2 protein chains.
Amino acid sequence: MELSERKLKILKAIIKDYIETAEPVGSRTLSRKYDLGVSAATIRNEMSELEEYGYLLQPHTSSGRIPSDKAYRLYVDQLMESKRLAKRQQELLRKNLAQKFHEIQNLLRNSAEHLAELTDYTSIAMAEKTQETLVKHIQLVPVDEDRFLLVLIINAGHVKNSLLKTGQALNQEELQKISNLLNTHLQGKDLRDMTKEQGEIMEEELPEYERTIRGILLYLREISKEIERIDVFFSGTTNIFNFPEFNDIVKARSFLAMLEEKELMKNLLSLSGREGLSVSIGRENLYEIAQECSLVTTTYKVDDRTVGHLSVIGPTRMDYSKVVSVMYRINRDLNRSLKNDF
Amino acid sequence: MELSERKLKILKAIIKDYIETAEPVGSRTLSRKYDLGVSAATIRNEMSELEEYGYLLQPHTSSGRIPSDKAYRLYVDQLMESKRLAKRQQELLRKNLAQKFHEIQNLLRNSAEHLAELTDYTSIAMAEKTQETLVKHIQLVPVDEDRFLLVLIINAGHVKNSLLKTGQALNQEELQKISNLLNTHLQGKDLRDMTKEQGEIMEEELPEYERTIRGILLYLREISKEIERIDVFFSGTTNIFNFPEFNDIVKARSFLAMLEEKELMKNLLSLSGREGLSVSIGRENLYEIAQECSLVTTTYKVDDRTVGHLSVIGPTRMDYSKVVSVMYRINRDLNRSLKNDF
DNA sequence: ATTAGCACTCTGTCTTAATGAGTGCTAATG
DNA sequence: CATTAGCACTCATTAAGACAGAGTGCTAAT
């Protein structure tokens, strides 16, 4: 079903107006505000047809019309024009680019903060949990008489460390000996598979360090849970109060409650964005609470492994043009950083 | 100015009732609901005097009265009785205790989550920024052909690490040589004082590793900023929607906006809690936006150094008795964990 | 000193009426 | 024949007025 040139023009005007004002738009306002070259009555007829086709909705019989999810989809895919970034935005982006980060989490978190400031919506950063937890390298580093630092490098480039108590005085050489033992036995093994037997074999080999080795094994098993923790950051959560659709305390609350559900957010982002930049609008989102929102999500990879998502969430009446433009830029910058630094 | 027995009894009843209902309480309700042994008229007279003394406020001429900050202060210091924890709470606390954490941040974050669930208010966890950033130990650990891991231990027990590129192939022995060099020159030095000259001296000593050393120095200077980052976590932020005093969208918004201001929160917590458990009520808080809230804050130390705060924030009409009881327990548990594990 | 009775105050809620933006339909127009 | 002007009708929002309910302060009685 192809829409006529004129219908597209009218639809685009309606969407633009609604994005701007959040008010249902009527035929008269439209003809007065935009130069469409036809009278209000004609627009009325066209609008009526656009409603039949499912592009417009009428909140009640005698009100103006608002765009449907279908209309936004058409708008995002075909109608909208990319926006030039404002000076203020350009500058912020330059700053974002200039900083250096040594952990992907911090990089994402920082970008999320800028993203929220640039778009005036709520931004979400998510550091993807590690899929595998294979031991790559273990190193014990001396600290005090009775403490040492265990450094654990996992295959995916993740590093974990922790101060552990020895229970016995150990010098650097002894620690190195234990490190070597651990590496020969555990390299390539999955953290979740640290069995008791594993420990016993090692303890037999260096029985004088039995207690220390046992402590380490215990720690490795515990840490595997911590590594799988999902990290989700937000910025600009209070921005939603700017939008009349969330002026209702119940709506605002359920929006914020949704953000607090980390598991849900994780799935939402993973589902919404798989490759590059993607937009999911209203009911396209699988979760009901998110169906009055739209998400623009970018996905980041290092060596073909997804390491994180960056996302903007707002009402379906979102300034897609602005958001997409900003995210394209951030996406480009971030990918550059990731390539260079990780 | 000493309050009579009867006045105290009435005041306590008013506070209890207001904490429960959030409605200004009048003399009739009071005499009907609580067994005070005197008529409504007498209560009226007493209330009128309590108002003169500054313990009660009257929102408008013909309404009931609400407690002032002064009244809450009296209540917290002298009137309230500690509450026994409910079964549900006991259980959650046991769970909280059972988990092991290897980073103070995670420990605090987790406790904050439980705290919010237990009290039905908003909880805040703050990991205090490190005051000093003196190098305690540096260790380089081999990873790939072209990458190694730098582990940095700072005096306060903080550990930072990062994957760095060598720019040249380095084996374990060579890395150890560089580690030793770094330790002899940098131990005890402040991270913020890493000067160029410092680097040049070291580069002269091992000129063949010039590039690597330069990279490390650069990293150390950068990381000093990251270490000072404040970490603030929240839990139960949407709980405030349960309270009628935040049913106004403007109030709710400004509350949430306050939480987003990390610097402000940091100061608020640091000021509010210095030792053990402290309560700051309404206008006792220095920041204006926090003056309709009360904070119950606990402070945590390791080796006499403040490492974090845990706090509950809610309306001044807070169930102090419940909150204080819960926090005493968490405080005890947490101090135990800190003593054992850090 | 305490209490019952009463007039008065203020808020919140409900009803009603007025306003205004918008629609759909019909008939006129180029 | 597509377009447009005109008109009756719908629905939401807002303002004003009426009313009930909870509370107070004061006075007089106990």
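Structural notes, computed from the coordinates. The residue numbering used here restarts from 1 in each chain and proceeds along that chain's sequence as written. Written order determines the labels here, with chains lettered from A and ligands numbered from 1. Owing to the predicted nature of the model, reporting of local features is limited to residues with pLDDT of at least 70; listing and counting of side-chain atom pairs is limited to 80 or more, with chain, interface and lining totals taken over all residues. The side-chain figures draw on all heavy atoms in the structure; neither hydrogens nor water molecules are used.

Another aspect to go through is the protein's contact with DNA strand D. Proximity is defined per residue: if any heavy atom of the residue lies within 4 Å of a molecule or strand, that residue is considered near it. Surrounding DNA strand D, one finds 21 residues, the nearest of these being A:R6, A:T42, A:S62, B:S27 and B:T29. For DNA strand D, the backbone portion of the atoms within 4 Å of the protein, that is sugar and phosphate, comes to 78%. Counting of polar contacts relies on pairs of N or O atoms within 3.5 Å, with two restrictions inside protein: one atom must be capable of donating a hydrogen and the other of accepting it, and residues adjacent in sequence are counted only when both atoms are side-chain atoms. B:S27 places a polar side-chain atom, nitrogen or oxygen, 2.7 Å from a phosphate oxygen of DNA strand D. A distance of 3.5 Å is found between a sugar or linking oxygen of DNA strand D and a backbone nitrogen or oxygen belonging to B:S63. The helix and strand labels rest on DSSP assignments: H or I over at least four residues marks a helix, E over at least two residues marks a strand, and numbering proceeds from the N terminus. Mapped by element, the contributors of at least two residues to the surface near DNA strand D are α3 (40-52) of chain A together with α2 (27-33) and α3 (40-52) of chain B. Looking at the surface near DNA strand D element by element, the count peaks at four residues for α3(A). The residue inventory of the surface near DNA strand D, partitioned by class, reads three nonpolar, 14 polar and four charged. Ten residue types, Ala, Val, Leu, Ile, Met, Phe, Trp, Tyr, Cys and Pro, are classed as nonpolar, four, Asp, Glu, Lys and Arg, as charged, and the remainder, Gly among them, as polar.

The atoms used to superpose the copies are C-alpha atoms, taken from residues with pLDDT of at least 70 in both, and the fit is least squares. Structural alignment of chain B on chain A gives an RMSD of 0.1 Å, achieved by rotating through 180° and translating 0.1 Å along the axis. The operation mapping one copy onto its partner corresponds to a two-fold rotation axis. Considering only C-alpha atoms, the residue of chain B closest to the rotation axis is B:I249, which sits at 3.1 Å.

All names here are of chain A. A simple rule labels every residue: compare its accessible area, found with a 1.4 Å probe on the protein chains alone, to the largest value its type can have, and call it buried under 20%, exposed over 50%, or partly exposed in between. Along helix α8 (residues 196-205), the residues classified as buried are Q198, G199, M202 and E203. Down the axis of α8, the buried set is contained in an arc of 130°. They therefore lie on one face. Structural note: α8 exposes K196 and E204 on the side pointing more than 90 degrees away from its buried face. Contacts: residue pairs with any heavy atoms within 4.5 Å of one another. Here the buried face of α8 lies against α7 (172-186) and α9 (210-227). The directions considered for the arc are those from the helix axis to the C-beta atoms.

Moving on: the protein's contact with DNA strand C. In the neighbourhood of DNA strand C, 21 residues make up the surrounding shell, with A:S27, A:T29, A:R65, B:T42 and B:S62 lying closest. Of all DNA strand C atoms lying within 4 Å of any protein atom, the proportion belonging to sugar or phosphate reaches 77%. Contact between DNA strand C and A:R44: a base nitrogen at 3.2 Å from a side-chain N or O atom of the residue. Contact between DNA strand C and B:S62: a base oxygen at 2.6 Å from a side-chain N or O atom of the residue. Looking at the surface near DNA strand C, the elements with two or more residues in it are α2 (27-33) and α3 of chain A together with α3 of chain B.

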